[in-house]
Amino acid sequence: MNIKKVLLKISGEHFAGNFKTGIDFDILRSISAEICTISKQGLEISIVVGGGNIYRGSSAKENGIEREKADYIGMLATVINALSLSEFLKRLNLKVDVMSSIGIPGICSHFDIDSAKSNLKNGTIMIFAAGTGNPYFSTDTAAILKALEMDVDAVIKCTKVDGVYSDDPVKNSNAEFYHELTYDEVLSHNLGIMDLPAISLAKVNQMPIIVGSLKTQGNILNILNGNGKFSIIK
């Protein structure tokens, strides 16, 4: 794979690590070290983070909070993760900028496509927070959207397993591993890697999605070099 510009989608679950909620700082150090490693390859790196370790809009809705408000609260949770990751990356002497899809003056920059592209070309790692800035859209959809806006070569969906399976491999040892799939196969088999709007947006714009584990140190670099175990959707 000839990837020079990449977007990493990191879920809130990763930030929680061995905890059910909140941020596991040991895991955050590990994630930062992995990003530092690939940054040394001269890639343009964009990152979209989730916020499920802090707040899940779907659970809030079930408990009486209006869907729109629940989604906005979830967006703020992604900002917490983005700022936390940014600080750990800065400790590794990396240039980082956090941009949010909703305005939060004094906390982080409001998303601006021209500034973001310029920063990437100058070697700054861009972290995009607050999803799309609109309710009803997941951070997976935001990841595909930002990947298209930043004109990246591929999205890497960082998961806890090493690719796409027919079933949860943790619960089902007989689950079939898929190395390569089409967008239509993901949708028709309801594999749940990303939600329907995200996969559909990727399909329409032919944005490759690579699915691999962030748990093993050095694995993302291996994936970028075409090595190791991963799945690709295209």
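Residues numbered from 1 in each chain as written. Predicted model: local features only at pLDDT ≥ 70, side-chain atom pairs only at ≥ 80, totals over all residues. Heavy atoms only, no water.

K.L.:
I keep staring at the layout of surface pockets and nothing clicks. Help me out?
P.N.:
Using a probe with the size of a water molecule, rolled over the atoms, empty space left in the structure can be pinpointed. What the largest pocket holds in volume is close to 1,200 Å³. If you trace the largest pocket, you find 50 residues lining it, with Lys9, Ser11, Arg56, Asp140 and Lys157 closest to the centre. Counting only elements with at least two residues in the lining of the largest pocket, the list comes to helix 1 (12-16), helix 3 (57-62), helix 4 (67-91), helix 6 (139-149), strand 6 (154-159) and strand 7 (164-165). Across the lining of the largest pocket, the residue classes break down as 17 nonpolar, 21 polar and twelve charged. Roughly 200 Å³ of internal volume is contained in the second largest pocket. As for the second largest pocket, its lining consists of Glu13, His14, Gly17, Asn18, Ile27, Ser30, Ile31, Lys160, Leu214 and Lys215. Among the elements that take part in the lining of the second largest pocket, helix 2 (residues 25-39) stands out by supplying three residues, more than any other. Considered class by class, the residues forming the lining of the second largest pocket number three nonpolar, four polar and three charged. (1 Å grid on protein atoms, 1.4 Å probe; cavity = no way out; pocket = protein on both sides within 12 Å on 5 of 7 lines; lining within 4 Å. Points joined across faces, edges and corners; volume = space filled by probe spheres on them. Helix = DSSP H or I, 4+ residues; strand = E, 2+ residues; numbered from the N terminus. Nonpolar A, V, L, I, M, F, W, Y, C, P; charged D, E, K, R; others polar.)

K.L.:
Before we go on, may I ask you to explain the nonpolar core in this structure?
P.N.:
The tendency in soluble globular proteins is for nonpolar side chains to be buried as a group. One finds Leu8, Ile47 and Leu85 to be the most contacted residues of the largest nonpolar core, which totals 42 residues. Of all the secondary-structure elements, those providing two or more residues to this core are strand 1 (5-10), helix 2, strand 2 (44-49), helix 4, strand 3 (96-100), strand 5 (125-129), strand 6 and helix 9 (219-224). Top element by residues in this core is helix 4. It accounts for six residues. Setting aside anything within four residues of it in sequence, one finds Ile47 in contact with Leu7, Leu8, Ile10, Ile35, Leu85, Ile125, Met126, Ile127 and Phe128. Met126, Phe128, Val164 and Leu181 belong to the second largest nonpolar core, which has 30 residues in total. (Core = buried A, V, L, I, M, F, W, Y, C linked by side-chain atoms within 4.5 Å. Buried < 20%, exposed > 50% of the residue type's maximum accessible area, 1.4 Å probe, protein only. Contact = heavy atoms within 4.5 Å.)

K.L.:
Please clarify how the environment of Ser32 should be interpreted in this entry.
P.N.:
In this structure, Ser32 sits in helix 2. Discounting chain neighbours no more than four positions away, the residues touching Ser32 are Leu85, Phe88, Leu89 and Leu92.

K.L.:
Got a minute to help me understand the packing of helix 6 against helix 8 (residues 196-205) in this structure?
P.N.:
In a packed pair of helices, the relevant descriptors are the angle between the two axes and the axis-to-axis distance. It is at 7 Å that the axes of helix 6 and helix 8 come closest, and there the two elements cross at 20°. Taken together, the axes of helix 6 and helix 8 lie roughly parallel to each other. The two elements helix 6 and helix 8 meet at a crossing, and its hand is left-handed. Contact residues: Asp140, Thr141, Ile144, Leu145 and Leu148 in helix 6; Pro197, Ala198, Leu201, Ala202 and Asn205 in helix 8. (Axes fitted to C-alpha atoms, helices over the stretch in contact; angles between N-to-C directions. Parallel < 35°, antiparallel > 145°, perpendicular 65-115°, else oblique. Left-handed = near helix turned anticlockwise from the far one by under 90°.)

K.L.:
I'm lost on the pairing of strand 2 in this one. Help?
P.N.:
In regular strands, side chains alternate between the two faces of the sheet. Across the six residues that make up strand 2, a large majority, six, are buried. As judged from the six bridges shared by strand 1 and strand 2, these two strands associate in the parallel manner. Bridging across to strand 2, Val6 finds its partner in Ile45. In the sheet, strand 2 pairs with strand 5 via three bridges, with the strands oriented parallel. Bridging from a neighbouring strand, Ile47 pairs with Ile127 of strand 5. (Pairing = 2+ DSSP bridges.)

K.L.:
Sorry, what's going on with unusual backbone geometry here?
P.N.:
For residues besides glycine, phi is generally negative; the peptide bonds are generally trans as well. Even without a glycine there, the phi angle at Ala130 is positive, about 70°. You can see Ala130 is positioned in the loop between strand 5 and helix 6. Ala130 sits in the buried class, given a relative accessible area of 0%. Even without glycine at this site, Asp151 takes up a positive phi of about 55°.

K.L.:
Sorry, what's going on with the environment of Tyr72 here?
P.N.:
Tracing the sequence through the fold places Tyr72 in helix 4. On the basis of relative accessible area, Tyr72 is assigned to the partly exposed category, the value being 35%. Separated by 61 residues in the primary sequence, Tyr72 and Gly133 place their C-alpha atoms 7.9 Å from one another. Not counting chain neighbours up to four residues away, the residues in contact with Tyr72 comprise Gly133 and Pro135.

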